[in-house]
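Here is what each chain is made of, one letter per residue.
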Amino acid sequence: MTLVSTDRAVAQRLFLAREVALRAGAVQRERYETVLAIASKSASIDLVTEVDRACEALIVEAIRATFPADAILAEEGGVGAAEGALFRWVIDPLDGTTNFAHGFPRFCVSIGVERAGERTLGVVYDPLLDERFETVRGCGAWLGSRRLAVSRETQFGRGLFATGFPYDVHTSDDDNLEAFAAVVKSARGIRRDGSAALDLCYVAAGRVDGYWERKLHAWDVAAGILLVEEAGGRVSDERGGPVDPSGRELVATNGSLHEALIERIQRRGSR
Ligand code: IPD
Ligand code: CA
Ligand code: CA
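Residues numbered from 1 in each chain as written. Chains lettered and ligands numbered in written order. Predicted model: local features only at pLDDT ≥ 70, side-chain atom pairs only at ≥ 80, totals over all residues. Heavy atoms only, no water.

Brief notes about the overall build of the protein chain
- The helix and strand inventory of the protein chain stands at 7 helices and 14 strands.
- With respect to the principal axes defined by its C-alpha atoms, the protein chain has extents near 50 × 40 × 35 Å.
- Across the 271 residues in the protein chain, those meeting the buried criterion constitute 54%.
- For the protein chain, the share of sequence-separated contacts (at least 6 apart) that also reach a separation of at least 24 residues comes to 63%.
- Per element, the accessible surface of the protein chain, about 11,700 Å² overall, is 51% carbon and sulfur. (Helix = DSSP H or I, 4+ residues; strand = E, 2+ residues; numbered from the N terminus. Buried < 20%, exposed > 50% of the residue type's maximum accessible area, 1.4 Å probe, protein only. Contact = heavy atoms within 4.5 Å. Areas by Shrake-Rupley, 256 points an atom, 1.4 Å probe, with all protein chains shown as cover.)

Structure, rendered in structure tokens:
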């Protein structure tokens with residue numbers, strides 16, 4: 001078994017998303033641990049490499065050539081058709097740039113597609129493990145040919161959680177450290193692995209029981225949110241309200257541990 005969609009327009013886009021994710025992943029695999037041109041963006045610790053840009057160019061060119069009327073939002077600035085398009089692609093060409101730049105083996109390509117503003121499909125590809133996470137709304141979350149389900153853990157103290165820290169952590173008080181302390185003091189364990197898209201895939205796969213992060217962007221979470229939901233998990237803001245698609249604050253869990261995680265991480269200070 002594998003993920004299929006009977007909706008032709010969605011199936012065609014899933015096919016392309018899969019193909020370009022594999023191609024961009026192959027570029028990442030080839031360039032991993034080679035000498036890279038690296039620059040900073042919003043902060044000195046917010047990096048971009050020539051490989052981020054090359055992967056984005058490859059993906060955006062393929063979408064423009066195949067679906068010229070579709071809109072595109074891509075992290076490094078790639079754009080597609082004007083607003084008003086039915087479909088919009090939301091792309092992180094390389095999620096985990098700091099890891100990639102340091103030779104730490106955890107990064108991926110993340111591609112989400114919305115139809116009329118609704119998250120419709122997602123592909124996240126980890127090129128080193130050759131793991132392809134895929135989802136289509138209503139058709140489940142998949143890792144290759146295996147259908148995914150979130151974990152069944154109900155006890156917070158037995159839970160493994162993931163999080164991340166924003167690029168302005170050196171200068172902002174809204175730094176996630178208080179929430180991090182609250183979880184680390186009461187969970188079985190916590191991970192900061194440096195790829196938000198893979199963190200969400202790992203919630204979907206039951207590898208971690210929950211994940212939260214602040215100050216993300218739409219491209220970090222476009223595919224991952226749908227993967228978690230289609231695997232039976234819950235995604236919300238930090239008050240348990242509707243998920244913020246911009247990624248400004250995000251809590252994703254197996255559902256059972258959602259309230260318990262929110263209780264620990266809710267902002268106590270001002271934003
Ligand atoms: C980053 C990663 C990281 C998260 C950052 C993201 P990038 O994306 O997902 O895990 O903590 O907030 O911006 O910059 O590697 O694409
Ligand atoms: Ca990212
Ligand atoms: Ca990126």
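So much for the structure itself; the text now carries on.
Digging into the domain arrangement of the protein chain
- Partitioning the protein chain into domains gives domain 1 (8–147) and domain 2 (156–265).
- Taking only C-alpha atoms, the centre of domain 1 and the centre of domain 2 are 20 Å apart.
- The interface is formed by 41 residues belonging to domain 1 together with 27 residues belonging to domain 2.
- In total, domain 1 and domain 2 occlude about 2,600 Å² of area from one another, counting both sides; carbon and sulfur atoms represent 60% of this.
- Here Asp193 ties to Arg106 by a salt bridge, and the two come within 3.5 Å at their closest N and O atoms.
- Across the contact surface, domain 1 and domain 2 share 11 residue pairs in polar contact (both at pLDDT 80 or more).
- Looking at the side of domain 1 that touches domain 2, the elements that each hand over two or more residues are strand 3 (71–74), strand 4 (87–95), helix 3 (97–102), strand 5 (108–115), strand 6 (118–126), strand 7 (131–136) and strand 8 (141–143).
- Here the element with the most residues in the side of domain 1 that touches domain 2 is strand 6; it accounts for 7 residues.
- Residue classes in the side of domain 1 that touches domain 2 are distributed as 19 nonpolar, 11 polar and 11 charged. (Domains from an automatic or database assignment. Buried area = accessible area lost by both parts, 1.4 Å probe. Salt bridge = Lys/Arg side-chain N within 4 Å of Asp/Glu carboxyl O. Polar contact = N/O pair within 3.5 Å; in protein donor to acceptor, adjacent residues only side chain to side chain. Nonpolar A, V, L, I, M, F, W, Y, C, P; charged D, E, K, R; others polar.)

So, helix 1 (residues 8–31)
- Here helix 1 contains 24 residues, and its C-alpha end-to-end distance of 35 Å stays within 8% of the 34 Å for a straight helix at 1.5 Å per residue.
- Residues of helix 1 that are buried include every one of Val10, Arg13, Leu14, Leu16, Ala17, Arg18, Val20, Ala21, Ala24, Gly25 and Gln28, and no others.
- In this fold, the buried residues of helix 1 make contact with helix 2 (50–66), strand 4, helix 3, strand 5, strand 6 and strand 7.
- Between a side-chain oxygen at the N-terminus of helix 1 and the backbone nitrogen of Ala9 the separation is 3.1 Å; the capping residue is Asp7.
- Following helix 1 by one or two positions, Glu33 has its phi on the positive side, about 65 degrees. (Expected span 1.5 Å × (residues − 1).)

Re the side chain of Asp126
- With respect to the secondary-structure elements, Asp126 resides in strand 6.
- Among residues more than four places away in sequence, those in contact with Asp126 are Phe107, Cys108, Glu131, Leu198 and Tyr202.

Details of the coordination of the calcium ion (ligand 2)
- Taken together, Asp92 (OD), Asp95 (OD) and Asp220 (OD) make up the protein donors of the calcium ion (ligand 2), found 2.1 to 2.2 Å from the metal.
- Read in sequence order, the donor residues for the calcium ion (ligand 2) give the motif D-x2-D-x124-D.
- Separating the calcium ion (ligand 2) from the calcium ion (ligand 3) is a gap of 3.7 Å, bridged by Asp92, which donates to each.
- A residue is classified by how much of its surface remains accessible, and Asp92, at 1% relative accessible area, is buried. (Donors = N, O, S within 2.8 Å, 3.2 Å for Na, K, Ca; no water.)

A look at the pattern of salt bridges
- In the structure shown here, the tally under the stated rule is 21 salt bridges.
- Arg214 serves as the salt-bridge partner of Asp174, at 3.4 Å between the closest nitrogen and oxygen. Of the two residues, Asp174 is situated in the loop between strand 10 (160–163) and helix 4 (177–184) and Arg214 in strand 12 (residues 210–214); the sequence distance between them amounts to 40 residues.
- Assessed through its relative accessible area of 13%, Asp174 is described here as buried.
- Note that Asp237 is salt-bridged to Arg239, the shortest N-O span being 3.9 Å.
- What emerges from the salt-bridge pattern is a single network uniting Arg18, Arg132 and Glu134.

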